[in-house]
Amino acid sequence: MIGVKDMADLVYVYDAYITINKALFGEAVFLGFHEGNFGAISRIFNVIERNVIEELKKDDYKATWEILDDTSIFPEERAKILLGE
């Protein structure tokens, strides 16, 4: 499992990915890993999913994405929640 600082960095990258995605496509469009460079960057989702606490892995990671998408919470705090700290 990774530490809070590394998870916070991943959350910052996730936020940037969503922002750039919306700017390019008008809404968040999730591309497959094989769909060019932007699709390759979406592999960050797998890294986040592999490192969250077990409780968040239930229900196909729905709770994980709800936490990640709550931009009213600073990335460092979201990282702590994702790691159960």
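Residues numbered from 1 in each chain as written. Predicted model: local features only at pLDDT ≥ 70, side-chain atom pairs only at ≥ 80, totals over all residues. Heavy atoms only, no water.

J.: Can you help me understand helix 1 (residues 4–25) in this one?
T.: What sets the pattern is the α-helix's 3.6 residues per turn: residues three or four places apart point alike. A rise of 1.5 Å per residue sets the reference length of helix 1, with its 22 residues, at 32 Å; its end C-alpha atoms lie 31 Å apart and thus fit the reference within 8%. Considered for burial, the residues of helix 1 that qualify are Val4, Met7, Ala8, Leu10, Val11, Tyr14, Asp15, Tyr17, Ile18 and Asn21. For helix 1, the secondary structure elements touched by its buried residues are helix 2 (36–41), helix 3 (44–51), helix 4 (62–69) and helix 5 (75–83). A positive backbone phi angle near 85° is found at Gly26, which sits one or two residues after helix 1. (Helix = DSSP H or I, 4+ residues; strand = E, 2+ residues; numbered from the N terminus. Expected span 1.5 Å × (residues − 1). Buried < 20%, exposed > 50% of the residue type's maximum accessible area, 1.4 Å probe, protein only. Contact = heavy atoms within 4.5 Å.)

J.: Please explain helix 4 as it appears in this structure.
T.: Those residues of helix 4 lying buried are Thr64, Ile67 and Leu68. Buried residues of helix 4, seen end-on, are gathered within an arc of 100° and therefore sit on one face of the element. In this structure, the buried side of helix 4 is in contact with helix 1, helix 3 and helix 5. (Arc of directions from axis to C-beta.)

These figures capture arrangement, not role.
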